[in-house]
Amino acid sequence: VWTPAGWSYGGTAASPHIATLGRTIQDIQAKFTGGPDGVDVQLERARYAGGSFKGLVAVDTGEKGPGTPVALDLDLADLSIHQLLADQFPGEELAIVGGLSGRTSGTFEYRFNTERVLAGSGQARLHVRGTSETGLAVTGDLPVLLDRGVISGHGLHLTLPGQGVTSSGFTYDLQRNQGQLD
């Protein structure tokens, strides 16, 4: 659309699947609007890790420089933690967490530049519901912070069958592929 105030565009998009960063997202339905400074994609539905998500993906094309700023503001529903971990650490045997089973829901906010996707910042407010799909059922809330590619959580309390597990926290550096659990 062209007006005296400027131009814009909008539409709908659908895809049976998109593969990105080692993850396959399926059954995508979205609406988008854009103009000279960027595009906003409102995901109405997308399936991933046995669950789904929806929300806003904002791409800022007005900023000049290497890479493009992107903001994700997503609502997550019923994602398999086993699949999330497998996608994050492909081919790796994960001591302890690899044997846990649950589904997570909550919110995920993340800001990054396309030149350094893993070096972004944001937060996730997640609730894990224990299941017996892939191992030992785990339940609890996971408040997670992401700061320039480092994931951290503090004051965690999770419940497994017959026991509670409390941790003062964890950190994991996505770019260096290393971390610690306290």
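Below, the structure is looked at part by part.

Quick notes on the rules
- Once a new chain begins, its residue numbering starts again from 1 and follows that chain's sequence as written.
- Only residues with pLDDT of at least 70 get local features here, since the model is predicted, and only at 80 or more are side-chain atom pairs given and counted; chain-wide, interface and lining totals rely on the full set of residues.
- Here the side-chain values reflect all heavy atoms present in the structure, with hydrogen atoms and water set aside.
- Each patch is built from residues that are more than 30% exposed by relative accessible area and take part in no salt bridge. Like charges join if they lie within 9 Å; nonpolar side chains (Val, Leu, Ile, Met, Phe, Trp, Tyr) join within 5 Å.
- All accessibility values rest on the Shrake-Rupley procedure with a 1.4 Å probe; residue burial counts only the protein chains present in the view.
- Salt bridge, as used here: a side-chain nitrogen of Lys or Arg that lies within 4 Å of a carboxyl oxygen of Asp or Glu.
- A run of DSSP states H or I qualifies as a helix once it reaches four residues; a run of E qualifies as a strand once it reaches two. Both are numbered from the N-terminal end.
- Only protein chains enter the area calculation, which uses a 1.4 Å probe; residues under 20% of their type maximum are buried, those over 50% are exposed, and those in between are partly exposed.
- Whether two residues are in contact is decided by their heavy atoms, any of which lying within 4.5 Å being enough.
- Any pair of nitrogen or oxygen atoms within 3.5 Å is treated as a polar contact; in protein, a donor-acceptor pairing is required on top of that, and neighbouring residues in sequence qualify only through side-chain atoms on both sides.
- For our purposes a nonpolar core is just a set of buried Ala, Val, Leu, Ile, Met, Phe, Trp, Tyr and Cys residues, chained together by side-chain atoms within 4.5 Å.
- Under the pairing criterion, centres of Phe, Tyr and Trp rings, with the six-membered ring standing for Trp, must be within 6.5 Å; the plane angle then separates stacked pairs below 30 degrees from edge-to-face pairs above 60, leaving the rest tilted.
- Between any two strands, pairing holds if DSSP finds at least two bridges.

### Details of a nonpolar patch on the surface
Alright, step 1. Where nonpolar side chains cluster on the molecular surface, the patch consists of W2, W7 and Y9 and spans about 390 Å² of accessible area.
Alright, step 2. Here W7 shows up in strand β2 (residues 6-7).
Alright, step 3. You can call W7 partly exposed: its relative accessible area is 39%.

### Here's the deal with the environment of S167
Alright, step 1. Here S167 shows up in strand β13 (residues 163-173).
Alright, step 2. For S167, a relative accessible area of 10% corresponds to the buried category.
Alright, step 3. Sequence-distant contacts of S167, that is, excluding residues within four places in its chain, are made with G155, L156, L181 and D182.
Alright, step 4. A polar atom in the side chain of S167 sits 3.0 Å from the backbone nitrogen of G169.

### What to know about the nonpolar core
Grouped burial of nonpolar side chains is what soluble globular proteins tend to show.
Alright, step 1. Grouped together as the largest cluster of nonpolar side chains are 26 residues, with contacts concentrated most on L43, F53 and L72.
Alright, step 2. No other element matches the five residues that strand β7 (residues 69-80) contributes to this core.
Alright, step 3. The contacts of F53, once residues within four sequence positions are left out, are I25, L43, R45, A46, Y48, L74, D75 and L76.

### Observations concerning the pattern of salt bridges
Alright, step 1. Tallied over the entire structure, the rule returns eight salt bridges.
Alright, step 2. A salt bridge links D27 to R45; the nearest nitrogen and oxygen atoms lie 3.0 Å apart. Placement of the pair is D27 in strand β4 (residues 23-35) and R45 in strand β5 (residues 38-48), with a sequence separation of 18 residues.
Alright, step 3. D73 serves as the salt-bridge partner of R111, at 3.0 Å between the closest nitrogen and oxygen. Taken together, the residues span a long stretch of sequence, with R111 in strand β8 (residues 100-113) and D73 in strand β7 at a distance of 38 residues.
Alright, step 4. Classification of R111 by relative accessible area gives partly exposed; the value is 38%.
Alright, step 5. Residue class for D73 comes out partly exposed when judged on its relative accessible area of 28%.

### Quick look at the packing of aromatic side chains
Alright, step 1. Applying the stated criterion across every chain yields a total of five aromatic pairs.
Alright, step 2. A ring pair is formed by Y9 and F32, whose centres lie 6.3 Å apart and whose planes are at 55 degrees; its orientation type is tilted. Of this pair, Y9 sits in strand β3 (residues 9-20) while F32 sits in strand β4; the two residues are 23 residues apart in sequence, bridging distant segments of the chain.
Alright, step 3. Among the residues examined, F32 registers a relative accessible area of 25% and is labelled partly exposed.
Alright, step 4. Members of the aromatic cluster, joined through ring pairs, are W7, Y9 and F32.

### Side note on the pairing of β4
Alright, step 1. Here β3 runs beside β4; their pairing, made up of eleven bridges, is antiparallel. Counterpart to Y9 in the pairing with β4 is G34.
Alright, step 2. Between β3 and β4, which pair antiparallel one after the other, the connecting turn spans two residues, and L21 there sits at a positive phi close to 50 degrees.
Alright, step 3. Relative to β5, β4 is paired through eight bridges, and the arrangement is antiparallel. The residue of β5 that forms the bridge with K31 is Q42.
Alright, step 4. Counted along the chain from β4 to the antiparallel partner β5, the turn is two residues long.

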